[in-house]
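# Structural description and commentary
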Amino acid sequence: MKVRISASLMCADPLRLEEAVRQLEDAGCDWFHIDIMDGRFVPNLAMNFETVRRIKQISRVPLDVHLMVEQPEQYLDQAIDAGSDIITCHAESTRCPIRLLEKIRRNNVQAGLAVNPFTALHQLRYLVDYLDLLLLMTVEPGFAGQKFIAAMHAKIGEARSLVGGINLAVDGNISTGNALAALEAGANILVAGTSAVFKKGGSLAQNLRQFRESLDYGRSGR
Ligand code: DX5
Ligand code: ZN
């Protein structure tokens, strides 16, 4: 499957967001991951739909919008209107995920479902036909800069067997140290935050290149 890097823009310097968007687009970043939080589903706030709209105006990179909110139904229209290309809602936040996923697709947006580390995967077998993307949280949702939960390695493989050929994303502490193992276990979308593209040191373009090369090197090296 095509491997894509989705740069997590909540990890960018908020005072230099436009520069980050342009630099990463020029460097060939595949997707932009945009975290929306409501302070209830997770104890934090992040980006908002106005930011999504503004990024859409200046960039052609697909926008992968991750809703970490209670009652995502309430926000779908705004997420769609703002120009999201993929909308991912949390399985834990809705009782009627099929209705939600169908609405997203009806609006010509790709439909994603996210699961927290503790959430079991077995019920997802009823949803596979409605999904364009499954996102596995590899840390508890809500904050950048946390540590990868080791048990998630096995979960990636389980998830791949369950979802077949749809996109499988991993989100949380993905770095050059663990991304290759995630790909080998079956993930194909890597959300890259403070541990990869936004790590301190190099420029964003250099970090992106280095991250991408670490994946190629590892794979061709086998
Ligand atoms: C966590 C967010 C992630 C986060 C990833 O709730 O969904 O997108 O920004 O960044 P790091 O690499 O810092 O975990
Ligand atoms: Zn996210």
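Values in this document were obtained by computation on a predicted structure and should not be read as measured data.

It is worth spelling out the site of ligand 1 at this point. As a matter of local geometry, ligand 1 sits amid 20 residues, with Asp-35, Gly-142, Gly-145, Asn-173 and Thr-194 nearest to it. Take Gly-142: an N or O atom from its main chain is 2.8 Å from an oxygen atom of ligand 1. Separating an oxygen atom of ligand 1 from a backbone N or O atom of Asn-173 is a distance of 2.8 Å. Considering ligand 1 on its own, with 380 Å² of exposed area, one finds that the protein chains cover 100% of that surface. Those elements that provide at least two residues to the shell around ligand 1 are strand 2 (31-37) and strand 3 (63-68). For the shell around ligand 1, the residue count by class is eight nonpolar, 10 polar and two charged.

Attention now goes to the coordination of the zinc ion (ligand 2). His-33 (NE2), Asp-35 (OD), His-66 (ND1) and Asp-171 (OD) make up the full set of protein donors to the zinc ion (ligand 2), lying at 2.0 to 2.3 Å. In primary sequence terms, the donor set of the zinc ion (ligand 2) follows H-x1-D-x30-H-x104-D. With Asp-35 in strand 2 and His-66 in strand 3, this residue pair connects regions lying 31 residues apart in the sequence. Overall, the relative accessible area of 0% leaves His-66 in the buried class.

What counts, and where the lines are drawn
Residues numbered from 1 in each chain as written. Chains lettered and ligands numbered in written order. Predicted model: local features only at pLDDT ≥ 70, side-chain atom pairs only at ≥ 80, totals over all residues. Heavy atoms only, no water. Near = heavy atom within 4 Å. Polar contact = N/O pair within 3.5 Å; in protein donor to acceptor, adjacent residues only side chain to side chain. Areas by Shrake-Rupley, 256 points an atom, 1.4 Å probe, with all protein chains shown as cover. Helix = DSSP H or I, 4+ residues; strand = E, 2+ residues; numbered from the N terminus. Nonpolar A, V, L, I, M, F, W, Y, C, P; charged D, E, K, R; others polar. Donors = N, O, S within 2.8 Å, 3.2 Å for Na, K, Ca; no water. Buried < 20%, exposed > 50% of the residue type's maximum accessible area, 1.4 Å probe, protein only.

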